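Coordinate inspection notes
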Amino acid sequence: MCGIVGYVGSRDAAPILVDGLRRLEYRGYDSAGVAVLGDDGLQIVRCEGKLSGLEGCLATKPLKGTTGIGHTRWATHGRPSEQNAHPHNYQGVAVVHNGIIENHLQLKQLLRAGGHSFSSETDTEIFAHLIASELADVTRSKGLEKNTTGNGLLAEAVRRALRKVRGTYALAVLREEDPSELVIAKNASPIVLGRAEGAWLVASDVPALLPYTRDIIFLEEEELATVRADHVELESFDGIPIERAPTRVDWSPVMAEKNGHKHFMHKEIHEQPRAIADTLRGRASVETGDVHLEDVGLDEQSARSISRIVVVACGTSWHAGLVGKTAIEQLARLPVEVDLASEFRYRQPVIDESTLVIPISQSGETADTLAALREARRLGAGSLAIVNVVGSAIAREADHVLYTHAGPEIGVASTKCFTTQLTALILIAIRLGRLRGTLDSGQARAHLENLSKVPGHVEEILGREEDLRSIAVSVSSSPNFLFLGRGSSFPIALEGALKLKEISYIHAEGYAAGEMKHGPIALIEDGLPVVIIATRHGTYEKALGNLEEVRARGGRVIAVATSEDNDIGSLADDVIWVPDGGSLVDPILAVVPLQLLSYHVADYNGTDVDQPRNLAKSVTVE
Ligand code: F6R
C-alpha cells in the first residue's frame, strides 16, 4: 500500500513528484524518496519518516530534471529507514514499487550467487538488480552500445525481469541513460497514467494527478507502459500493443483519495479480498499442504517445545485471538488462552519458557498490548507478534513477527486488519498442526484450499451489499441490538456488536448463543434486531434452536447463513447468505456482512463513520 508517482515532461519533476506524494500520504508514510533524471544524471534523495522530512532534504539539495519517480512507503519487507526507502537503484536503473515479491528469498539467493550484493532489506531492490541485468543482456544481444536510448530497451528488460518474479506489483522504472522515458507495469496493485499539457504523469492512485489532469488511463492486470512526454505506449506482458484512450474522471479530490468510496471504512471493507490474498501470498502451498513460516520462528523444534499459547490483545484484535484459539486448539491440539492485554498485565499471569505469547495488534503501538508483551517476555516466554504496521513498537520488541499485509487502515473501526489477523492465525494453526503431527498433509491441503478461496468468497459477499444496505436501513432506528454466535462464531458476534456500537453509537451486545437462557433472553421484545450467526458448520442445529427462541419472543431475526440453506430462509426475518467456505474460514466470511451492516446503519444515521466520537486509531496510552 505504498504511493507511487512519476513524471515525464518539460517542467521540473521534483516539486510535481512531492506534490503528488503529499496527496498519496494516506497510502502509507514511513519513509519517502524521489529519483530525478537531468543534466547531473540520476539523483536520488530518500528520507525516513513523513514527507516533510523529504521536503526538508530537497530544500537543501534541490534536484534538477524533467523526468522522475517518487514513492511514499508503507513497509512490508524491512523496517522503515532511509536505506529501505524507495527508489532503489542498481547500475543506473531506479525503481519504485508497491506490492510484494513472493519469491524474494529465492531471487535474492540466485542474484547473490551471481555476485550481486544488496544495500537494503527490501524485496523491491531485487527489481532494480533484475532489470539492470536484463537491460545489459538485451543491449548486448542486440549488439548495441550501453548508452543506446529508445528502441524499447527498457520495456523489454522490464518484461523479461517480470517473468522471473512471482507476486504483486505496481512498478515505475527509469534508466540513467535515457531521461526521455519511464516504464511502468501492473500486476494486482493499482497504477494509472494521466495526460497533462506537454507531459504524462504516473500514480498509484488518481488523487495525485487531479491538480494536473482528469484524463486518466487505468492500467489493467499484466500490462506495461512506456511513458514519454508526448505519448504513451501500452502493451501486455507478452508484448502485444494495446490501444486505450484516457477516461475523464470527475471525482472530487476527497472522493479520489477514497478511490470513489464515501468513507475509508467502506474502501477498507472492499479491500479485504486483496488484503487476505496478500497475507497468504508466499506463505501457503495448496499443492503440498505446507505453510511457510520458518522465518517467524515456527520450526519443528520450537513447535514441540511449546506447551501452551497465550494471546494478548485489545478490542477487535482480541476478538481475532478468540477465533485463533479455536483454530489452534483444533488443529494443533495446544491449549490456548486469550487475554485482554489490559487485564493480563495486572493479574500475575502464569508464564514460563515453554509458553508462546502471541500479541495481536493492527497498529503495533497499543500501550496495553505492548506492556503485556514486555511482561510475558520478562517472565521468560517466547513471542510471535501478529502486527500490521511494520517496524512498530510491538514488531520491534517481539522475538518474531508475522505481518498481516492489509496496508494502512485509516478508518478507526478495524475491518481488513481483522480478517487478515484471522488469516494469519489460521496459517499459524495449520503450521503448528503439521509440525506437531496433529494434522496430516491431506487435511492441511484441504484447509489451505479453503483458505485460498476466501478472497473470491469475500468478493461474492461484497457483491450482495445492496441487500445488506436495505436490511441496515430497516433496522437503523432501533436503539438496541443483540448479536449471537456459538463456537468460533461467538467472537464474530462480539465483533459485530463492537462494530455497530463504535460507529453508530447504538447499544449492541454480543453473546454466546448458549448463554441466552442465562440472562440476555430477558432483553428480547417485539422488534429487537437479533443477529444470529448460523452458518452450516459446528453447532448449526443449536443455533437454529436459539433462533426459534428469539422468534417466539417477537425478536426480529437477521441470520447469517450458508448459501442454499433452505431451512433458515423460512425461520428468519432476513437472511444474509455467505458461501460455504469450510468451518475454519467461516468466521472470516461471517464477519464481512456484519461490517457492511454496521457501516450502512451508521451511514444512514449520519454518524462520523471514519472518526467516531471519543475514539482514536491507535491507543498509545493505558
Ligand atoms: C475496533 C478497533 C479497536 C482496536 C483496538 C486494538 O474497531 O479498531 O478495538 O482493535 O484498539 O488496536 P490494535 O489492533 O492497533 O492493537
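Everything here concerns the structure above.
Quick caveat: nothing in here was measured; it's all calculated off a predicted structure.

Let us now look at the overall build of the protein chain. Along the protein chain, the regular secondary structure elements total 21 helices and 27 strands. Computed over the C-alpha atoms, the radius of gyration of the protein chain is 26 Å, within 12% of the 25 Å expected from 2.2 N^0.38 for a compact globule of 622 residues. In terms of overall dimensions, the protein chain has C-alpha extents of about 80 × 55 × 45 Å along its principal axes. Across the 622 residues of the protein chain, 61% fall into the buried class. Put simply, of all contacts in the protein chain between residues at least 6 apart along the chain, 71% involve residues at least 24 apart. Carbon and sulfur atoms make up 47% of the accessible area of the protein chain, which amounts to about 23500 Å² in all. Side chains of the protein chain give 62 positive and 83 negative charges; the mean places of these two sets differ by 2 Å.

This paragraph deals with the site of the ligand. The immediate surroundings of the ligand are formed by 14 residues, with Ser317, Ser361, Ser363, Thr366 and Glu502 found nearest. Backbone polar atom of Gln362 to an oxygen atom of the ligand: 2.7 Å apart, as the coordinates give it. At 2.9 Å from an oxygen atom of the ligand is found a main-chain nitrogen or oxygen belonging to Ser414. Elements supplying a minimum of two residues to the shell around the ligand: α10 (315–332) and α18 (489–504). Domain assignment of the residues forming the shell around the ligand places at least three in each of domain 2 (262–452) and domain 3 (463–616).

Structurally, Ile492 can be placed in helix α18. A relative accessible area of 0% places Ile492 in the buried class. Between the alpha carbons of Ile492 and His319 there is a distance of 7.2 Å; along the sequence they are 173 residues apart.

Now for the pairing of strand β18 (residues 308–313). Among the six residues of β18, six are classified as buried, and the element is accordingly described as predominantly covered. A two-sided burial pattern is seen for β18, the buried positions comprising Arg308, Val310 and Val312 on one face and Ile309, Val311 and Ala313 on the other. Examined bridge by bridge, β18 and strand β19 (residues 336–340) share five bridges and lie parallel to one another. Bridging across to β19, Ile309 finds its partner in Val336.

Below, the discussion takes up the nonpolar core. Residues Ile309, Ile328, Ile428, Ile430, Leu432 and Phe483 are the most contacted members of the largest nonpolar core, which totals 84 residues. Two domains share this core, each providing at least three of its residues, namely domain 2 (262–452) and domain 3 (463–616). Leave out the neighbours within four places in its chain, and Ile309 touches Ile328, Leu334, Pro335, Val336, Glu337, Leu356, Ile358 and Leu432. The next biggest cluster of nonpolar side chains, apart from the first, holds 33 residues, and it includes Tyr7, Ile16, Leu17 and Leu58.

Relative to each other, helix α16 (residues 454–462) and helix α21 (residues 586–605) sit at 30°, their axes nearing to 10 Å. The angle between the axes of α16 and α21 places the two elements in the roughly parallel class. Where α16 crosses over α21, the handedness of that crossing is right-handed. Residue-level inspection shows Val454, His457, Val458, Ile461 and Leu462 of α16 in contact with α21, the latter providing Ile588, Leu589, Val592, Pro593 and Leu596. A per-class count over the contact of α16 with α21 returns nine nonpolar, one polar and no charged.

So, on to the packing of aromatic side chains. Within a pair of aromatic rings, the relevant descriptors are the distance that separates the centres and the angle that separates the planes. With the rule as written, the count across this model stands at three aromatic pairs. Where Phe127 meets Tyr169, the ring centres are 5.6 Å apart and the plane angle is 80°; that geometry is what we call edge-to-face. Placement of the pair is Phe127 in helix α4 (residues 125–141) and Tyr169 in strand β7 (residues 167–175), with a sequence separation of 42 residues. Judged by relative accessible area, which is 3%, Tyr169 ranks as buried. A centroid spacing of 6.2 Å and a plane angle of 20° characterise the contact between Phe481 and Phe483, whose relative ring orientation is stacked.

What follows is about the pattern of salt bridges. Two side chains carrying opposite charge are able to pair once their charged atoms lie near each other. All chains considered together, the criterion is met by 40 salt bridges. The residue Lys164 makes a salt bridge to Glu134 at a minimum N-O spacing of 2.6 Å. In this pair, Lys164 sits in the loop between α5 (153–162) and β7 while Glu134 sits in helix α4, placing the two residues 30 residues apart along the sequence. Given a relative accessible area of 5%, Glu134 falls into the buried group. Between Glu549 and Lys517 there is a salt bridge whose closest N-O contact spans 3.0 Å.

All right, on to the sheet that holds strand β8 (residues 182–187) then. Each strand in a sheet pairs with another by means of backbone hydrogen bonds, the pair being arranged parallel or else antiparallel. The sheet built from seven strands is open, its strands ordered β5-β6-β7-β8-β12-β13-β14 with antiparallel pairing. The open sheet has two edge strands with one neighbour each: β5 (88–90) and β14 (241–242). By the bridge criterion, five bridges tie strand β12 (residues 223–227) to strand β13 (residues 232–236) in an arrangement that is antiparallel. Looking across to β13, one finds that Leu224 is bridged to Glu235. Those strands touched by α4 are β5, β6 (93–101) and β7, and its axis lies near 130° from that of β6.

Parameters and conventions
- Residues numbered from 1 in each chain as written.
- Predicted model: local features only at pLDDT ≥ 70, side-chain atom pairs only at ≥ 80, totals over all residues.
- Heavy atoms only, no water.
- Helix = DSSP H or I, 4+ residues; strand = E, 2+ residues; numbered from the N terminus.
- Rg over C-alpha atoms; globule rule 2.2 N^0.38 Å.
- Buried < 20%, exposed > 50% of the residue type's maximum accessible area, 1.4 Å probe, protein only.
- Contact = heavy atoms within 4.5 Å.
- Areas by Shrake-Rupley, 256 points an atom, 1.4 Å probe, with all protein chains shown as cover.
- Lys, Arg positive; Asp, Glu negative; His and termini not counted.
- Charge placed at Lys NZ, Arg CZ, Asp CG, Glu CD.
- Near = heavy atom within 4 Å.
- Polar contact = N/O pair within 3.5 Å; in protein donor to acceptor, adjacent residues only side chain to side chain.
- Domains from an automatic or database assignment.
- Pairing = 2+ DSSP bridges.
- Core = buried A, V, L, I, M, F, W, Y, C linked by side-chain atoms within 4.5 Å.
- Axes fitted to C-alpha atoms, helices over the stretch in contact; angles between N-to-C directions.
- Parallel < 35°, antiparallel > 145°, perpendicular 65-115°, else oblique.
- Left-handed = near helix turned anticlockwise from the far one by under 90°.
- Nonpolar A, V, L, I, M, F, W, Y, C, P; charged D, E, K, R; others polar.
- Phe/Tyr/Trp six-rings, centres within 6.5 Å; stacked < 30°, edge-to-face > 60°.
- Salt bridge = Lys/Arg side-chain N within 4 Å of Asp/Glu carboxyl O.

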